[in-house]
Amino acid sequence: MLNQTLAVVAAATGLGGSTSSSTPSPPAAPTAAFVSAPMQRREARLTRALRNADRCARGLRRDRVVLERHERELTTTLKALAAKGDLVRARVVARQIAHYRTAGDRNFESAAMIATRAQVQLTVSEANPRL
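If you're wondering where the values come from, they're calculated on a predicted model, not measured in any experiment.

Q: In this structure, what is going on with the overall build of the chain? I would like to understand it.
A: The helix and strand inventory of the chain stands at three helices and zero strands. Listing every helix and strand of the chain by position from the N terminus yields α-α-α. The buried share of the chain, reckoned over its 131 residues, is 19%. For the chain, long-range pairs separated by at least 24 residues make up 64% of all intrachain contacts whose partners lie at least 6 apart in sequence. Surface exposure of the chain reaches about 9900 Å², of which carbon and sulfur atoms provide 59%.

In structure tokens, the structure reads:
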């Protein structure tokens, strides 16, 4: 967004291309002289934060897939134990399944919270370009 604004300003002031009247050339890309150092640092922090949020979300997704796989395995074990009539072990396995489901729910909530925070940070930075 900042680069687009700078390109428009450069084109309007005549700094963005050749001055020949035969064929207009597109405005040149803004140079680093147009972008202040605090703005570059803010954009770098924002991209770093978004990258970290994506990395955390991928790790949480991997963990959630593992939890779901263990839950499916335990479900088949639970069915086998119930068919045999071993209710004591079946209750223990049922508790483990409940723990896996709780962990999966917490994992999903964490991923959603991280994604929401990253989106809010991005929205705030776009709404307040001078901060």
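Alright, that's what it looks like, and here's the rest.
Q: Any chance you could explain the pattern of salt bridges here in plain terms?
A: Between side chains of opposite charge, a pair can form when the charged atoms approach closely. All chains considered together, the criterion is met by two salt bridges. Residues D86 and R89 are paired through a salt bridge, measuring 3.6 Å at the closest nitrogen-oxygen approach.

Q: Which parts of the structure should I look at to understand helix α3 (residues 87-127)?
A: Each α-helix turn comprises 3.6 residues. Residues three or four places apart therefore point the same way. For α3, spanning 41 residues, the distance from its first C-alpha to its last is 59 Å, which sits close to the expected 60 Å at 1.5 Å a residue. Those residues of α3 that fall on the buried side of the exposure criterion are A90, V93, I97, G104, N107, A111, A118 and S125.

Q: Help me out: how do you make sense of the side chain of E71 in this one?
A: Secondary-structure assignment places E71 in helix α2 (residues 37-84). Not counting chain neighbours up to four residues away, the residues in contact with E71 comprise I97, Y100 and R101.

Q: I would appreciate a short explanation of the nonpolar core in the present structure.
A: If you look at soluble globular proteins, the nonpolar side chains tend to sit buried side by side. Grouped together as the largest cluster of nonpolar side chains are five residues: L74, L81, A90, V93 and I97. Mapped onto this core, the elements with two or more residues apiece are α2 and α3. For this core, the element with the most residues is α3, which contributes three residues. When sequence neighbours within four positions are dropped, the list of residues in contact with V93 reads L74, T77, L78 and L81.

Q: What is the right way to read a positive patch on the surface from this model?
A: On the surface, R41, R45, R48, R51, R55, R58, R61 and R62 cluster together to form a positively charged patch. Here R55 is to be found in helix α2.

Q: I'm lost on the side chain of R64 in this one. Help?
A: Here R64 is to be found in helix α2. Comment: no salt bridge for buried R64; closest opposite-charge side chain is E68, at 4.8 Å. Within the local environment of R64, its side chain forms a polar contact with the side chain of N107, the two groups lying 2.8 Å apart. The residues touching R64, leaving out its near neighbours within four places in the chain, are G104, N107, F108 and A111.

Q: I keep staring at the environment of R61 and nothing clicks. Help me out?
A: Within the secondary structure layout, R61 lies in helix α2. Note: C-alpha distance between R61 and N107 (46 residues apart in sequence) is 8.1 Å.

Q: Even after reading the chapter, I still don't get the environment of V66, so can you show me in this structure?
A: Mapped onto the fold, V66 is located in helix α2. On the basis of relative accessibility, which here comes to 33%, the residue V66 falls in the partly exposed class. Along the primary structure V66 and G104 are separated by 38 residues, whereas in three dimensions their C-alpha atoms are 9.4 Å apart.

Q: Teacher, can you tell me more about the environment of R106 here?
A: One can find R106 in helix α3. Taking relative accessible area as the criterion, R106 reaches 57% and is therefore assigned exposed. In this structure the C-alpha to C-alpha distance between R106 and R64, which are 42 residues apart in sequence, comes to 9.6 Å.

Reading guide: rules and limits
- Residues numbered from 1 in each chain as written.
- Predicted model: local features only at pLDDT ≥ 70, side-chain atom pairs only at ≥ 80, totals over all residues.
- Heavy atoms only, no water.
- Helix = DSSP H or I, 4+ residues; strand = E, 2+ residues; numbered from the N terminus.
- Buried < 20%, exposed > 50% of the residue type's maximum accessible area, 1.4 Å probe, protein only.
- Contact = heavy atoms within 4.5 Å.
- Areas by Shrake-Rupley, 256 points an atom, 1.4 Å probe, with all protein chains shown as cover.
- Salt bridge = Lys/Arg side-chain N within 4 Å of Asp/Glu carboxyl O.
- Expected span 1.5 Å × (residues − 1).
- Core = buried A, V, L, I, M, F, W, Y, C linked by side-chain atoms within 4.5 Å.
- Patch = residues over 30% accessible without salt bridge, like charges linked within 9 Å, V, L, I, M, F, W, Y side chains within 5 Å.
- Lys, Arg positive; Asp, Glu negative; His and termini not counted.
- Charge placed at Lys NZ, Arg CZ, Asp CG, Glu CD.
- Polar contact = N/O pair within 3.5 Å; in protein donor to acceptor, adjacent residues only side chain to side chain.

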